[in-house]
Amino acid sequence: MTERSILAVFAHPDDETTSCAGTFFRCAAQGAKITLVTATRGEQGSLGTGGQVIRREELGTVREQEQRQAVALFGVGEIIHLGYIDGAVNQAPPDELEEKVLAIMGRVQPDSVITFGPRGISHHEDHISIHQATTSAFHKYVTEQGGGRAGALGPLALCYVAISKEIVAQLGFDLEGVETQPNIVIDVSAQRDMKVRALKMYRSQEDAQEVAGFMQSASPLFEWFYQVHPPVSDHTVKGWLW
(Lines give C-alpha, C1' and ligand atoms only; values in the text may rest on other atoms or scores of the structure.)
Protein backbone atom coordinates (compact mmCIF):
# COMPACT_ATOMS: atom_id res chain seq x y z
CA MET A 1 0.00 0.00 0.00
CA THR A 2 1.31 3.45 -0.93
CA GLU A 3 2.08 5.61 2.10
CA ARG A 4 -0.12 8.66 2.25
CA SER A 5 1.66 12.00 2.60
CA ILE A 6 0.00 15.05 4.15
CA LEU A 7 1.62 18.49 4.16
CA ALA A 8 0.29 21.20 6.48
CA VAL A 9 1.48 24.80 6.05
CA PHE A 10 0.74 27.32 8.80
CA ALA A 11 2.07 30.57 10.20
CA HIS A 12 2.64 30.10 13.94
CA PRO A 13 3.19 27.32 16.48
CA ASP A 14 -0.23 26.11 17.74
CA ASP A 15 -2.05 26.86 14.43
CA GLU A 16 -1.79 23.19 13.54
CA THR A 17 -3.02 21.96 16.92
CA THR A 18 -6.05 24.24 17.01
CA SER A 19 -7.17 23.29 13.52
CA CYS A 20 -5.99 19.75 12.77
CA ALA A 21 -4.74 17.78 15.80
CA GLY A 22 -7.58 15.27 15.86
CA THR A 23 -7.53 14.75 12.10
CA PHE A 24 -3.77 14.29 12.09
CA PHE A 25 -4.04 11.73 14.88
CA ARG A 26 -6.57 9.73 12.88
CA CYS A 27 -4.51 9.92 9.69
CA ALA A 28 -1.27 8.98 11.45
CA ALA A 29 -3.01 5.97 13.00
CA GLN A 30 -3.81 4.84 9.44
CA GLY A 31 -0.16 5.11 8.45
CA ALA A 32 -0.03 8.58 6.92
CA LYS A 33 3.20 10.58 6.89
CA ILE A 34 2.54 14.11 8.15
CA THR A 35 4.89 17.02 7.48
CA LEU A 36 4.31 20.39 9.15
CA VAL A 37 5.64 23.70 7.86
CA THR A 38 5.55 26.67 10.24
CA ALA A 39 6.57 30.06 8.85
CA THR A 40 7.45 31.77 12.15
CA ARG A 41 8.23 30.88 15.75
CA GLY A 42 5.51 33.19 17.06
CA GLU A 43 7.85 35.73 18.64
CA GLN A 44 5.07 38.31 19.04
CA GLY A 45 2.70 36.09 21.02
CA SER A 46 1.75 36.38 24.68
CA LEU A 47 4.48 36.01 27.29
CA GLY A 48 3.20 33.24 29.50
CA THR A 49 0.15 32.05 31.40
CA GLY A 50 -0.52 30.82 34.92
CA GLY A 51 2.25 32.87 36.49
CA GLN A 52 4.78 31.90 33.84
CA VAL A 53 7.05 34.78 32.79
CA ILE A 54 8.91 34.68 29.47
CA ARG A 55 11.20 37.34 28.05
CA ARG A 56 10.30 38.53 24.57
CA GLU A 57 13.66 37.46 23.16
CA GLU A 58 13.11 33.92 24.49
CA LEU A 59 9.56 33.43 23.26
CA GLY A 60 10.38 32.01 19.83
CA THR A 61 12.51 29.28 21.35
CA VAL A 62 9.86 28.53 23.97
CA ARG A 63 7.08 28.25 21.41
CA GLU A 64 9.14 26.01 19.16
CA GLN A 65 9.77 23.66 22.08
CA GLU A 66 6.08 23.70 23.00
CA GLN A 67 5.21 22.85 19.42
CA ARG A 68 7.57 19.89 19.23
CA GLN A 69 6.09 18.46 22.41
CA ALA A 70 2.51 19.04 21.27
CA VAL A 71 2.71 17.61 17.76
CA ALA A 72 4.49 14.49 19.02
CA LEU A 73 1.13 13.55 20.56
CA PHE A 74 -0.68 13.39 17.25
CA GLY A 75 1.82 11.97 14.81
CA VAL A 76 3.59 14.79 12.96
CA GLY A 77 6.75 13.23 11.58
CA GLU A 78 8.68 16.33 10.53
CA ILE A 79 8.51 20.02 11.42
CA ILE A 80 10.05 22.60 9.09
CA HIS A 81 10.51 26.12 10.43
CA LEU A 82 10.98 28.71 7.71
CA GLY A 83 12.44 31.35 10.02
CA TYR A 84 10.24 34.34 9.18
CA ILE A 85 9.57 36.96 11.84
CA ASP A 86 6.14 36.84 13.45
CA GLY A 87 3.98 39.57 11.96
CA ALA A 88 6.29 40.21 9.01
CA VAL A 89 5.71 37.27 6.67
CA ASN A 90 4.14 39.57 4.08
CA GLN A 91 7.35 41.61 3.99
CA ALA A 92 9.35 38.75 2.48
CA PRO A 93 10.59 39.27 -1.11
CA PRO A 94 7.93 38.53 -3.73
CA ASP A 95 7.54 34.82 -4.54
CA GLU A 96 10.14 33.80 -1.91
CA LEU A 97 7.66 32.08 0.41
CA GLU A 98 5.89 30.42 -2.50
CA GLU A 99 9.18 29.04 -3.83
CA LYS A 100 10.10 27.64 -0.42
CA VAL A 101 6.75 25.89 -0.05
CA LEU A 102 6.93 24.56 -3.60
CA ALA A 103 10.38 23.12 -2.93
CA ILE A 104 9.05 21.34 0.16
CA MET A 105 6.14 19.93 -1.85
CA GLY A 106 8.60 18.60 -4.39
CA ARG A 107 10.55 16.85 -1.65
CA VAL A 108 7.74 15.35 0.45
CA GLN A 109 5.37 14.59 -2.47
CA PRO A 110 2.10 15.23 -0.59
CA ASP A 111 -1.21 13.69 -1.55
CA SER A 112 -3.02 16.35 0.47
CA VAL A 113 -2.09 19.91 1.44
CA ILE A 114 -3.78 21.79 4.29
CA THR A 115 -3.45 25.52 4.91
CA PHE A 116 -5.43 28.65 5.76
CA GLY A 117 -8.21 30.00 3.59
CA PRO A 118 -8.36 33.49 2.05
CA ARG A 119 -9.05 35.32 5.32
CA GLY A 120 -6.80 33.15 7.44
CA ILE A 121 -9.69 32.54 9.89
CA SER A 122 -8.58 35.54 12.00
CA HIS A 123 -7.56 37.99 9.23
CA HIS A 124 -3.97 37.80 10.51
CA GLU A 125 -1.61 39.05 7.79
CA ASP A 126 0.75 36.12 8.35
CA HIS A 127 -2.12 33.66 7.87
CA ILE A 128 -3.20 35.38 4.67
CA SER A 129 0.34 35.36 3.29
CA ILE A 130 0.58 31.63 4.02
CA HIS A 131 -2.72 31.05 2.25
CA GLN A 132 -1.62 32.92 -0.85
CA ALA A 133 1.82 31.34 -1.09
CA THR A 134 0.65 27.79 -0.40
CA THR A 135 -2.29 27.98 -2.80
CA SER A 136 -0.08 29.28 -5.59
CA ALA A 137 2.64 26.71 -4.83
CA PHE A 138 0.09 23.89 -4.83
CA HIS A 139 -1.20 24.73 -8.30
CA LYS A 140 2.34 24.97 -9.63
CA TYR A 141 3.14 21.65 -7.97
CA VAL A 142 0.16 19.97 -9.63
CA THR A 143 0.85 21.36 -13.10
CA GLU A 144 4.65 21.45 -13.14
CA GLN A 145 6.06 18.96 -10.65
CA GLY A 146 2.99 16.89 -9.92
CA GLY A 147 2.27 16.53 -13.60
CA GLY A 148 -1.35 15.73 -12.77
CA ARG A 149 -0.33 12.58 -10.93
CA ALA A 150 -2.77 10.97 -8.55
CA GLY A 151 -1.89 10.60 -4.90
CA ALA A 152 -2.41 7.51 -2.77
CA LEU A 153 -6.13 8.28 -2.53
CA GLY A 154 -6.72 9.78 -5.98
CA PRO A 155 -6.28 13.36 -7.24
CA LEU A 156 -4.00 15.63 -5.23
CA ALA A 157 -6.07 17.63 -2.73
CA LEU A 158 -5.87 21.17 -1.37
CA CYS A 159 -7.90 21.91 1.76
CA TYR A 160 -8.45 25.12 3.71
CA VAL A 161 -9.15 25.19 7.44
CA ALA A 162 -12.79 26.12 7.97
CA ILE A 163 -15.31 26.70 10.77
CA SER A 164 -19.03 25.98 10.74
CA LYS A 165 -21.36 28.98 10.49
CA GLU A 166 -22.82 28.03 13.88
CA ILE A 167 -19.43 28.30 15.58
CA VAL A 168 -18.65 31.53 13.71
CA ALA A 169 -21.86 33.02 15.10
CA GLN A 170 -21.30 31.58 18.58
CA LEU A 171 -17.81 33.07 18.85
CA GLY A 172 -18.63 36.29 17.04
CA PHE A 173 -15.97 35.85 14.34
CA ASP A 174 -15.80 38.23 11.40
CA LEU A 175 -15.66 35.53 8.76
CA GLU A 176 -17.50 34.51 5.61
CA GLY A 177 -16.94 32.69 2.35
CA VAL A 178 -15.41 29.24 1.92
CA GLU A 179 -13.96 29.26 5.43
CA THR A 180 -17.54 29.06 6.74
CA GLN A 181 -18.63 26.46 4.16
CA PRO A 182 -16.84 23.24 5.16
CA ASN A 183 -17.36 20.30 2.81
CA ILE A 184 -15.26 17.95 4.93
CA VAL A 185 -16.33 17.44 8.53
CA ILE A 186 -14.28 15.22 10.83
CA ASP A 187 -15.67 14.08 14.17
CA VAL A 188 -12.70 14.20 16.55
CA SER A 189 -14.67 13.71 19.76
CA ALA A 190 -12.64 10.56 20.46
CA GLN A 191 -9.45 12.62 20.19
CA ARG A 192 -10.71 15.43 22.44
CA ASP A 193 -8.51 14.65 25.45
CA MET A 194 -5.41 14.44 23.28
CA LYS A 195 -6.19 17.69 21.47
CA VAL A 196 -6.90 19.58 24.69
CA ARG A 197 -3.72 18.21 26.24
CA ALA A 198 -1.70 19.32 23.20
CA LEU A 199 -3.19 22.82 23.30
CA LYS A 200 -2.42 23.12 27.00
CA MET A 201 1.23 22.36 26.20
CA TYR A 202 1.35 25.85 24.67
CA ARG A 203 1.60 27.28 28.17
CA SER A 204 3.04 30.53 26.85
CA GLN A 205 -0.13 31.36 24.91
CA GLU A 206 -3.33 32.72 26.43
CA ASP A 207 -5.39 32.05 23.31
CA ALA A 208 -4.29 28.40 23.23
CA GLN A 209 -5.51 27.96 26.80
CA GLU A 210 -8.82 29.63 25.92
CA VAL A 211 -9.31 27.38 22.89
CA ALA A 212 -8.50 24.33 25.05
CA GLY A 213 -11.21 25.35 27.48
CA PHE A 214 -13.75 25.80 24.69
CA MET A 215 -12.93 22.46 23.10
CA GLN A 216 -13.01 20.65 26.42
CA SER A 217 -16.71 21.43 26.71
CA ALA A 218 -17.74 21.21 23.02
CA SER A 219 -19.87 18.13 22.36
CA PRO A 220 -19.42 16.66 19.86
CA LEU A 221 -16.06 18.04 18.70
CA PHE A 222 -15.41 18.54 14.99
CA GLU A 223 -12.62 19.74 12.73
CA TRP A 224 -13.74 21.35 9.48
CA PHE A 225 -12.11 21.84 6.10
CA TYR A 226 -13.05 23.23 2.73
CA GLN A 227 -11.62 21.10 -0.06
CA VAL A 228 -10.95 23.54 -2.88
CA HIS A 229 -9.13 21.13 -5.22
CA PRO A 230 -10.43 18.96 -6.66
CA PRO A 231 -13.93 20.43 -6.22
CA VAL A 232 -16.30 18.51 -3.99
CA SER A 233 -19.74 18.28 -5.55
CA ASP A 234 -21.66 17.83 -2.31
CA HIS A 235 -21.07 18.37 1.39
CA THR A 236 -19.52 15.21 2.74
CA VAL A 237 -17.61 13.76 5.66
CA LYS A 238 -15.32 11.98 3.24
CA GLY A 239 -12.90 13.52 0.75
CA TRP A 240 -9.16 13.30 1.15
CA LEU A 241 -9.16 11.81 4.67
CA TRP A 242 -10.67 8.48 3.70
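Every value quoted in this text rests on a predicted model; they were computed, and no experiment measured them.

Q: Help me out: how do you make sense of the packing of aromatic side chains in this one?
A: Two descriptors summarise a pair of aromatic rings, namely the distance from one centre to the other and the angle between the planes of the rings. Summed over all chains, the structure comprises three aromatic pairs. Consider the rings of F10 and F116, whose centres lie 5.1 Å apart with planes at 75°: the pair is edge-to-face. Of this pair, F10 sits in strand β1 (residues 5-10) while F116 sits in the loop between β4 (112-115) and α4 (125-145), placing them 106 residues apart in sequence. Here the two residues F10 and F116 agree in accessibility, since each one is buried. Both rings, one in F222 and one in W224, keep their centres 6.2 Å apart while their planes meet at 45°; by these two values the pair is tilted.

Q: For this particular structure, what's the right way to read the packing of helix α1 (residues 15-29) against helix α6 (residues 192-200)?
A: A pair of packed helices is captured by two measures, namely the crossing angle of their axes and the spacing between those axes. It is at 9 Å that the axes of α1 and α6 come closest, and there the two elements cross at 140°. In terms of orientation, α1 and α6 fall into the oblique class. Pair α1 / α6 crosses with right-handed handedness. Between α1, through T17, T18, S19, C20, A21, G22 and F25, and α6, the contact on the second element is made entirely by M194, K195, A198 and L199.

Q: Could you clarify how one ought to interpret the sheet that holds strand β2 (residues 33-40) in this entry?
A: Note: strands within a sheet are paired through backbone hydrogen bonds, in either parallel or antiparallel orientation. The sheet built from seven strands is open, its strands ordered β3-β2-β1-β4-β7-β9-β8 with mixed pairing. Each edge of the open sheet carries a strand with a single partner, namely β3 (78-84) and β8 (184-187). On average, each strand axis in the sheet is tilted by 25° relative to the strand beside it, whichever way the strands run. Pairing between β8 and strand β9 (residues 222-229): four bridges, direction antiparallel.

Q: Honestly, helix α3 (residues 96-108) in this entry has me stumped. Any pointers?
A: Within an α-helix, residues lying three or four positions from one another point in the same direction, as the helix has 3.6 residues per turn. Its 13 residues place the ends of α3 19 Å apart at the C-alpha level, agreeing with the 18 Å of an ideal helix rising 1.5 Å per residue. When α3 is considered as a whole, its buried residues turn out to be L97, E98, V101, L102, I104, M105 and V108. Down the axis of α3, the buried set is contained in an arc of 160°. They therefore lie on one face.

Q: Would you mind going over the confidence of the model for the chain with me for this structure?
A: Averaged over the chain, the pLDDT score is 92; the fraction of residues at 70 or greater is 91%. This model gives residues 237-242 a pLDDT under 50, and the stretch forms 27 contacts once residues within four places in sequence are excluded.

Q: Is there a simple way to explain the state of the cysteines in this structure?
A: Should the sulfur atoms of two cysteines be covalently bonded, the bond is a disulfide. Applying the stated criterion across every chain yields a total of zero disulfides. The thiol sulfur of C27 is not disulfide-bonded, and the nearest other cysteine sulfur, from C20, lies at 9.4 Å.

Q: In this structure, what is going on with helix α7 (residues 206-217)? I would like to understand it.
A: When the terminal C-alpha atoms of α7 are compared, their 18 Å separation across twelve residues agrees well with the 16 Å that a helix rising 1.5 Å per residue should span. Listed as buried for α7 are A208, A212 and M215. One side of α7 holds all its buried residues, which, seen down the axis, span an arc of 70°. Turned more than 90 degrees away from the buried face of α7, the exposed residues are E210 and S217. Considering only its buried residues, α7 is in contact with α1 and α6.

Q: I keep staring at the pattern of salt bridges and nothing clicks. Help me out?
A: When their charged atoms lie close together, side chains carrying opposite charge are able to pair. Here the structure, examined in full by the defined rule, presents ten salt bridges. A salt bridge links R41 to E64, with the nearest nitrogen and oxygen atoms 2.5 Å apart. Note that R41 is positioned in the loop between β2 and α2 (56-71) and E64 in helix α2, a separation of 23 residues in sequence. Accessibility expressed as a relative area gives 26% for R41, which makes it partly exposed.

Q: Would you mind showing me how to read the layout of surface pockets here?
A: Over the atoms a probe the size of a water molecule is rolled, and this reveals where empty space is left. The calculated volume of the largest pocket comes to roughly 1,000 Å³. Taken together, 37 residues form the lining of the largest pocket, with T18, I121, I163, F173 and V211 sitting closest to its centre. Within the residue set of the lining of the largest pocket, elements represented by two or more residues are α1, β7 (157-162), α5 (165-171), α7 and β9. It is α7 that provides the largest number of residues to the lining of the largest pocket, a total of six residues. Looking at side-chain class alone, the lining of the largest pocket contains 18 nonpolar, ten polar and nine charged residues. Its boundaries defined by the atoms lining it, the second largest pocket holds a volume of some 190 Å³. Looking at the second largest pocket, it is lined by 13 residues, and the ones nearest its centre are P93, D95, L97, S129 and A133. When residues of the lining of the second largest pocket are traced back to their parent elements, those giving at least two are α3 and α4. Ranked by residues supplied to the lining of the second largest pocket, first place goes to α4 with four residues. In the lining of the second largest pocket, the residues fall into six nonpolar, four polar and three charged.

Rules of the game
Residues numbered from 1 in each chain as written. Predicted model: local features only at pLDDT ≥ 70, side-chain atom pairs only at ≥ 80, totals over all residues. Heavy atoms only, no water. Phe/Tyr/Trp six-rings, centres within 6.5 Å; stacked < 30°, edge-to-face > 60°. Helix = DSSP H or I, 4+ residues; strand = E, 2+ residues; numbered from the N terminus. Buried < 20%, exposed > 50% of the residue type's maximum accessible area, 1.4 Å probe, protein only. Axes fitted to C-alpha atoms, helices over the stretch in contact; angles between N-to-C directions. Parallel < 35°, antiparallel > 145°, perpendicular 65-115°, else oblique. Left-handed = near helix turned anticlockwise from the far one by under 90°. Contact = heavy atoms within 4.5 Å. Pairing = 2+ DSSP bridges. Expected span 1.5 Å × (residues − 1). Arc of directions from axis to C-beta. pLDDT = per-residue confidence, 0-100. Disulfide = S-S within 2.5 Å. Salt bridge = Lys/Arg side-chain N within 4 Å of Asp/Glu carboxyl O. 1 Å grid on protein atoms, 1.4 Å probe; cavity = no way out; pocket = protein on both sides within 12 Å on 5 of 7 lines; lining within 4 Å. Points joined across faces, edges and corners; volume = space filled by probe spheres on them. Nonpolar A, V, L, I, M, F, W, Y, C, P; charged D, E, K, R; others polar.

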